[in-house]
Amino acid sequence: MVDTHNDVLSSATMRGLNIAGDLSGKTHSDIARLKKGGVDVQVFSIFCDERFGKDTAFQFANLEIDSLYAIAARNPEKMAVVTTPAQLQQAVSEKKLACMMGVEGGHMMEDQLSNLDSFYKRGVRYMTLTWNNSTSWATSAMDETLKKDSLPHKGLTAFGKQVVQRMNALGMLVDLSHVGEQTFWDAINTTTKPVLVSHSCVYALCPVFRNLKDDQIKAVAKNGGVIDINFYSGFLDSTFQRRLTAFNNRHKAEADSLKALKWVSYEIEEYFLKAYPDEAGSLRPPLSVLLDHIDYIVRLVGVDHVGLGSDFDGISSAPKELNDVTDLPLITKGLLQRGYNKNDIRKILGGNFIRVFSANQVF
Ligand SMILES: [Zn+2]
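Residues numbered from 1 in each chain as written. Predicted model: local features only at pLDDT ≥ 70, side-chain atom pairs only at ≥ 80, totals over all residues. Heavy atoms only, no water.

**Concerning the overall build of the protein chain**
Secondary structure summary: the protein chain contains 17 helices and 9 strands in total. At 19 Å, the protein chain has a C-alpha radius of gyration in line with the 21 Å of a compact globule built from 363 residues. If one aligns the C-alpha atoms of the protein chain with their principal axes, the spans along those axes are about 55 × 50 × 45 Å. Sorting the 363 residues of the protein chain into buried and exposed places 58% on the buried side. A sequence separation of at least 24 residues applies to 72% of the contacts in the protein chain between residues at least 6 apart. With the model as given, the accessible surface of the protein chain reaches about 14,800 Å², and the carbon-plus-sulfur share is 54%. (Helix = DSSP H or I, 4+ residues; strand = E, 2+ residues; numbered from the N terminus. Rg over C-alpha atoms; globule rule 2.2 N^0.38 Å. Buried < 20%, exposed > 50% of the residue type's maximum accessible area, 1.4 Å probe, protein only. Contact = heavy atoms within 4.5 Å. Areas by Shrake-Rupley, 256 points an atom, 1.4 Å probe, with all protein chains shown as cover.)

**A short note on helix α8 (residues 181–190)**
For α8, every residue scored as buried is listed here: Thr 183, Phe 184, Asp 186, Ala 187, Ile 188 and Thr 190. Each element contacted by the buried residues of α8 is listed here: α6 (141–146), α7 (158–170) and α9 (214–223).

**Things to note about the packing of aromatic side chains**
Tallied over the full model, the rule gives 14 aromatic pairs. Between Trp 137 and Phe 159, the ring centres sit 6.3 Å apart and the planes meet at 80 degrees, which makes this aromatic pair edge-to-face. One end of the pair, Trp 137, is in the loop between β5 (124–128) and α6; the other, Phe 159, is in helix α7, and 22 residues separate them in sequence. Classification of Phe 159 as partly exposed rests on a relative accessible area of 22%. Summarising the aromatic geometry, the rings of Phe 231 and Phe 312 are spaced 5.4 Å apart at their centres and angled 85 degrees between planes, so their arrangement reads as edge-to-face. With Phe 231 in the loop between β8 (226–229) and α10 (233–236) and Phe 312 in the loop between β9 (306–308) and α16 (329–337), this residue pair connects regions lying 81 residues apart in the sequence. The class of Phe 312 is buried, set by a relative accessible area of 1%. For Arg 125, the ring lying beneath its charged end belongs to Tyr 120, and the centroid distance is 3.7 Å. (Phe/Tyr/Trp six-rings, centres within 6.5 Å; stacked < 30°, edge-to-face > 60°. Lys NZ or Arg CZ within 6 Å of the ring centre and 35° of its normal.)

**So, the coordination of the zinc ion**
At 1.9 to 2.2 Å from the zinc ion lie its protein donor atoms, namely Glu 104 (OE), His 178 (NE2) and His 199 (NE2). All donor residues of the zinc ion come from one chain, and their arrangement in sequence is E-x73-H-x20-H. Residue His 178 is located in the loop between β6 (173–175) and α8, and its partner His 199 is located in the loop between β7 (196–197) and α9; the two are separated by 21 residues in the primary sequence. A residue is classified by how much of its surface remains accessible, and His 178, at 5% relative accessible area, is buried. A residue is classified by how much of its surface remains accessible, and His 199, at 0% relative accessible area, is buried. (Donors = N, O, S within 2.8 Å, 3.2 Å for Na, K, Ca; no water.)

**Things to note about the domain arrangement of the protein chain**
For the protein chain, the assigned domains read domain 1 (2–238 + 286–359) and domain 2 (240–284). Each of domain 1 and domain 2 has a C-alpha centre, and the two are 25 Å apart. The partner domain 2 presents 13 residues to the 18 residues of domain 1 that form the contact. Buried surface at the junction of domain 1 and domain 2, summed over both partners, amounts to about 1,200 Å²; 41% is from carbon and sulfur atoms. The partner of Asp 237 in a salt bridge is Arg 243, and the shortest N-O contact between them spans 2.6 Å. Applying the counting rule to domain 1 against domain 2 returns 10 residue pairs in polar contact (both at pLDDT 80 or more). Of the residues contributing to the side of domain 1 that touches domain 2, the split by class is 7 nonpolar, 6 polar and 5 charged. (Domains from an automatic or database assignment. Buried area = accessible area lost by both parts, 1.4 Å probe. Salt bridge = Lys/Arg side-chain N within 4 Å of Asp/Glu carboxyl O. Polar contact = N/O pair within 3.5 Å; in protein donor to acceptor, adjacent residues only side chain to side chain. Nonpolar A, V, L, I, M, F, W, Y, C, P; charged D, E, K, R; others polar.)

**Topic: the pairing of β5**
Side-chain positions along a regular strand alternate between the two faces of the sheet. The buried fraction of β5 is high, at 5 of 5 residues. Note: strand β4 (residues 97–104) against β5, 4 bridges, orientation parallel. What sits directly across from Gly 102, in β5, is Tyr 126. Once the chain exits β4 it traverses helix α5 (residues 113–121) before rejoining the sheet at β5, and the crossover so formed is right-handed. (Pairing = 2+ DSSP bridges. Right-handed = clockwise from strand over helix to strand, strands pointing away.)

**A few points about the pattern of salt bridges**
Applying the stated criterion across every chain, the model contains 18 salt bridges. With a closest N to O distance of 3.0 Å, Arg 33 and Asp 324 form a salt bridge. Residue Arg 33 is found in helix α2 (residues 31–36), and its partner Asp 324 is found in the loop between β9 and α16; the two are separated by 291 residues along the sequence. Summarising the burial analysis for this pair, Arg 33 and Asp 324 share the class buried. Counted as one network, the salt bridges with shared partners bring together Asp 30, Arg 33 and Asp 324.

**A word on the packing of helix α3 (residues 57–74) against α5**
Interhelical geometry of α3 versus α5 gives an angle of 5 degrees and a closest axis separation of 12 Å. Taken together, the axes of α3 and α5 are roughly parallel relative to one another. Here Phe 58, Ala 61, Asn 62 and Ile 65 of α3 lie close against α5, whose contacting residues are Asn 115, Ser 118 and Phe 119. (Axes fitted to C-alpha atoms, helices over the stretch in contact; angles between N-to-C directions. Parallel < 35°, antiparallel > 145°, perpendicular 65-115°, else oblique.)

Shown next, in the form of structure tokens:
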């Protein structure tokens, strides 16, 4: 089982927590619970938000990479950092958690191809071209939606196309989660390798700005890539945002006071959902909604182009049944109940990702 997106490394690094320790009750995941949940391969997100930029983002990304190597070095019997499909298979056969890294946000390369090369050398195997913030060379889904008329450019610039080409040459997967539609089309028309969409959902089922429309899903299939479904309630359930807004309005005075303290919106949302667990619990959709997104992609383009990218520890709300990574087997159970055979389930649970990872190797 492969999960292509988990934020616990970056969130734990920021909070001074050790993912090799027991973080039950504090996070969705830690190394022991990932194993308990049946995860064989975890791609950890290397992340910092738009408050990091020139002279700070690349450095902070490296601090997170350092953390993973340090934790793995102290726990060689439990986990191994892997950078090739062969190493991945080796770690899985030794029953260790195979740990991979993906940079979430092109801003972390600070507009330098040499920094991209450095990420690759340090073991990073995918990069989302943007996070919610645009870079100087690629526009994000959020900005293409909210700042439509004030963007200095839209899609990939000439340098942005060079970034994609360099990723192809290195063997780093081009990850199209978070990017705007124009960036998506520019990137998919530039890449010569299958792409990854590490943690996104289906727009037709839940029309939010960073989900994929049908023509995008078909383009990923044609490219031989894979779309890994994000578990965030707000990307899965089209009624969630309305209920979340009502919830937020009930706590508006507190939100305003946190904004005055310079908290950003996702921090406030995360805090609220933890501070008011009963109310927050009632907002969560059932697991069947997540399975519907898998079904949708399978019906549209077949079983070879969908997988799982939970976004655990980067999301404040997941379907009711999924309280942490140890609940992952419920997805397998749900797929069996919906009539998927073992071969299909192997593809969805990670086979499709491994195919894309292998196709991006450079020899
Ligand atoms: Zn993300």
